[in-house]
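Residue-level listing of the chains:
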Amino acid sequence: MNKKVLTFLGISFVIVVLDLITKSLAEKYLADKVIEIIPGLFNLVLVWNKGAAFGMLAEAPETIRKLMLVGSSIIAAVITAGYVLKSNAKLSNLEVLSLALICGGSVGNLYDRFMLGQVRDFLDFHINNHHWPAFNVADASITIGIALFIGYELFWKKRKITN
């Protein structure tokens, strides 16, 4: 395996481990309580999310919900890993990082969906009583990975100009 593939696997592994450790700590220490970190802005609170981002599909029938959510996590992990394995020689370090963040986050949430039937969220940003939906390390990793990948593709990637 070359350096980019090893980097991808290493970062993905670190994200999965960090995600699962923080979720476990949240489950252990945040049950039935809210810890205010920055008053009026940021709390730690355990939220069990049966749906996708922002609770989408939370009210869907369980079979459909699990199929969609587990399936999408598997697809994201397989596509990112497959793309890195196939195209690693052409990928920049930023692309490898962004794909590893997406893959690691997908696997972290896949674990929760598969093993627990729902995802443990615990990061709660808000402005006074207006709360952003709670999220976790995996969600943040996926979001940052997608933003980096899109940013690279749109703004930083050197384009071949043909006349």
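Note: the structure precedes this text.
We now turn to the structure provided with this report. Numbers given to residues run from 1 along each chain, matching the order in which its sequence is written. Predicted model: local features are reported for residues with pLDDT of at least 70 only, side-chain atom pairs are reported and counted for 80 or more only, and whole-chain, interface and lining totals are derived from all residues. Side-chain calculation: all heavy atoms of the structure are included, whereas hydrogens and water are not.

1. Description of the overall build of the protein
So, step 1. For the protein, the helix and strand inventory stands at four helices and four strands.
So, step 2. Helices (α) and strands (β) of the protein occur, in sequence order from the N terminus, as α-β-β-α-α-β-β-α.
So, step 3. We call two residues contacting when some pair of their heavy atoms lies within 4.5 Å. At a minimum sequence separation of 6, the contacts of the protein that also span at least 24 residues come to 67%.
So, step 4. The Shrake-Rupley method, run with a 1.4 Å probe, gives the accessible areas here. Residue values count only the displayed protein chains as cover. Total accessible area on the protein stands at roughly 10,100 Å², and carbon and sulfur atoms take up 69% of it. Runs of E in the DSSP output that reach at least two residues are strands. Runs of H or I that reach at least four are helices, and both are numbered from the N terminus.

2. Thoughts on the packing of aromatic side chains
So, step 1. The aromatic pairing rule takes the rings of Phe, Tyr and Trp, using the six-membered ring of Trp, and pairs them if the centres are within 6.5 Å, calling planes under 30 degrees apart stacked, those over 60 edge-to-face and the rest tilted. Under the counting rule described, the total for this entry stands at two aromatic pairs.
So, step 2. Measuring from ring centre to ring centre gives 4.5 Å for Phe42 and Phe125, while their planes differ by 25°; the resulting arrangement is stacked. Here Phe125 lies in strand 3 (residues 119–127) and Phe42 lies in strand 2 (residues 42–49), a separation of 83 residues in the sequence.
So, step 3. Classification of Phe125 as partly exposed rests on a relative accessible area of 35%.
So, step 4. Judged by centre distance (5.9 Å) and plane angle (15°), the rings of Phe125 and Phe135 are stacked. Residue Phe125 is located in strand 3, and its partner Phe135 is located in the loop between strand 4 (130–131) and helix 4 (137–156); the two are separated by 10 residues in the primary sequence.
So, step 5. The buried label goes to any residue with under 20% of its type's maximum accessible area, the exposed label to any with over 50%, and the partly exposed label to all in between, with areas taken from a 1.4 Å probe on protein chains only. When its relative accessible area of 18% is taken as the criterion, Phe135 is described as buried.
So, step 6. Through a chain of ring-to-ring contacts, the aromatic side chains of Phe42, Phe125 and Phe135 assemble into a single cluster.

3. Digging into helix 4
So, step 1. Turning to helix 4, its buried residues number three or more, namely Val137, Ala138, Ser141, Ile142, Gly145, Gly151, Tyr152 and Glu153.
So, step 2. In this structure, the buried side of helix 4 is in contact with helix 1 (3–29), helix 3 (93–116) and strand 3.
So, step 3. Definition of a polar contact: a pair of N or O atoms within 3.5 Å, with one able to donate and the other able to accept a hydrogen when the atoms are protein atoms, and with sequence-neighbouring residues admitted only if both atoms are side-chain atoms. The backbone nitrogen of Ala138 lies 2.9 Å from a side-chain oxygen of the residue at the head of helix 4, namely Asn136.

4. Some thoughts on the side chain of Asn49
So, step 1. Counting through the fold element by element, Asn49 comes out in strand 2.
So, step 2. Here Asp121 takes part through its side chain, which lies 3.3 Å from a polar atom of the side chain of Asn49.

5. Focus: the sheet that holds strand 2
So, step 1. When DSSP finds two or more bridges between a pair of strands, those strands are recorded as paired. The four strands are arranged 1-2-3-4 in an open sheet whose pairing can be described as antiparallel. With partners counted over all chains shown, the strands left at the sheet margins are strand 1 (34–38) and strand 4, one partner each.
So, step 2. Relative to strand 4, strand 3 runs antiparallel, the two being bridged by two bridges. Note on strand 4: the bridge partner recorded for Ile127 is His130.
So, step 3. Lines are fitted to the C-alpha atoms to define the axes, a helix being fitted only along its stretch in contact, and any angle between axes, read from their N-to-C directions, falls within 0 to 180 degrees. Running at roughly 125° to strand 3, helix 3 makes contact with strand 2 and strand 3 of the sheet.

6. Comments concerning the nonpolar core
So, step 1. Judged by nonpolar contacts, Val5, Phe8, Ala77, Val84, Leu91, Val96, Leu99, Ala100 and Cys103 together constitute the single largest core of nine residues.
So, step 2. Contributing elements (two or more residues each) for this core: helix 1, helix 2 (62–87) and helix 3.
So, step 3. Ranked by the residues each element gives to this core, the list is headed by helix 3, at four residues.
So, step 4. Apart from residues lying up to four places away in sequence, Ala100 is in contact with Phe8, Ile11 and Ser12. Definition used in this section: a nonpolar core is a set of buried Ala, Val, Leu, Ile, Met, Phe, Trp, Tyr and Cys residues joined via side-chain atoms within 4.5 Å.

7. Concerning the pattern of salt bridges
Proximity of charged atoms lets side chains of opposite charge pair with each other.
So, step 1. Between Lys or Arg on one side and Asp or Glu on the other, a salt bridge is scored when a side-chain nitrogen of the former is within 4 Å of a carboxyl oxygen of the latter. What the rule picks out here adds up to five salt bridges.
So, step 2. Residues joined by salt bridges that share partners form a network here, namely Asp19, Lys23, Glu27, Asp112 and Arg120.

8. Brief notes about the pairing of strand 1
So, step 1. The pairing of strand 1 with strand 2 spans four bridges and is antiparallel. Within strand 2, the residue paired with Val34 across the bridge is Val45.
So, step 2. Where strand 1 folds back on strand 2, the antiparallel hairpin that results is connected by three residues, among which Gly40 adopts a positive phi of roughly 75°.

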